[in-house]
Amino acid sequence: MVVYYRDMLVMTEDGYLQDVLLRFRSGVFAYTADISKAFLRVGLQEMDRDFTKFLWVKDPQNPNSEIITYSFASVLFGATSSPFLLQATLDTHLKKSNSPYKTEISNNLYVDNFEGTTNDENKLVEIYHKANRELLGANMPLQLWASNNKQLNQIIEEEFPDYKVPHKLKVLVEYFHRRIEYQVGGFQSFTSNHEKITLLFQQAI
């Protein structure tokens, strides 16, 4: 059984979105990142591009401009099948990997989001390096890293000098009628099922 809600994969035979969310709540040290331009990195074969054609004007400034037919060369952002195609591409790469972290990386990916927690600070740093290396090898580089761990944040800012790790760590996932947002902070607040739920975690030193 595969369940979709608003074009989002939310459940398979082994669980999926709920597993990612539950695992994210289980550890002390949290980390998040996302894949840079993930859908644009999944190409379409030539024979499939005919199904993605669209019309555009040659000169947008000219009302009498010639109409040109284009087609997408990569997976469309927003298409119903796109999350599946991205996930299948990532799964295929990770199944061929020899990395001891490939299962953990796969389990903590949701569409183009990578998020998880651990209780081991050394493992946290190791996950950071292994995930970066593994997904870069698939031409799916991770960006916008953030954590509630000072050591990892220092490493991130050293390796990405033009990027400032945010003070608040956000994990946004739409789950049925509920939007869940995790932030680094000092308290918890809950609202109704149809409103935003904000979980504010203590800074983990």
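Residues numbered from 1 in each chain as written. Predicted model: local features only at pLDDT ≥ 70, side-chain atom pairs only at ≥ 80, totals over all residues. Heavy atoms only, no water.

S.K.: It is not clear to me how the packing of aromatic side chains should be interpreted in this structure. Could you clarify?
M.R.: The geometry of an aromatic ring pair is captured by two quantities: the separation of the ring centres and the angle between the planes. If you walk through the whole model with that rule in mind, you get seven aromatic pairs. Seen in terms of ring centroids, Phe39 and Phe77 are 5.5 Å apart; in terms of plane orientation they differ by 70°. Their pairing is edge-to-face. Remark: Phe77 occurs in the loop between strand 5 (67–71) and helix 2 (82–95) and Phe39 occurs in the loop between strand 3 (29–35) and strand 4 (53–57); sequence separation between them is 38 residues. Judged by its relative accessible area of 9%, Phe39 is buried. Its relative accessible area of 73% is what places Phe77 among the exposed residues. Ring plane angle 25° and centroid distance 5.8 Å describe the contact between Phe54 and Tyr70, whose orientation is recorded as stacked. Here Phe54 is found in strand 4, whereas its partner Tyr70 is found in strand 5, with 16 residues between them in sequence. Looking at Phe54, the relative accessible area reads 33%, which means it is partly exposed. Among the aromatic side chains, those forming a connected cluster through ring pairs are Tyr31, Phe114, Tyr128 and Trp145. (Phe/Tyr/Trp six-rings, centres within 6.5 Å; stacked < 30°, edge-to-face > 60°. Helix = DSSP H or I, 4+ residues; strand = E, 2+ residues; numbered from the N terminus. Buried < 20%, exposed > 50% of the residue type's maximum accessible area, 1.4 Å probe, protein only.)

S.K.: Looking at this model, I keep getting lost on a nonpolar patch on the surface. Mind explaining?
M.R.: The grouping of Phe54, Trp56, Tyr70 and Phe72 at the surface amounts to a nonpolar patch, some 400 Å² of accessible area in total. A relative accessible area of 38% means that Tyr70 is categorised as partly exposed. (Patch = residues over 30% accessible without salt bridge, like charges linked within 9 Å, V, L, I, M, F, W, Y side chains within 5 Å. Areas by Shrake-Rupley, 256 points an atom, 1.4 Å probe, with all protein chains shown as cover. Salt bridge = Lys/Arg side-chain N within 4 Å of Asp/Glu carboxyl O.)

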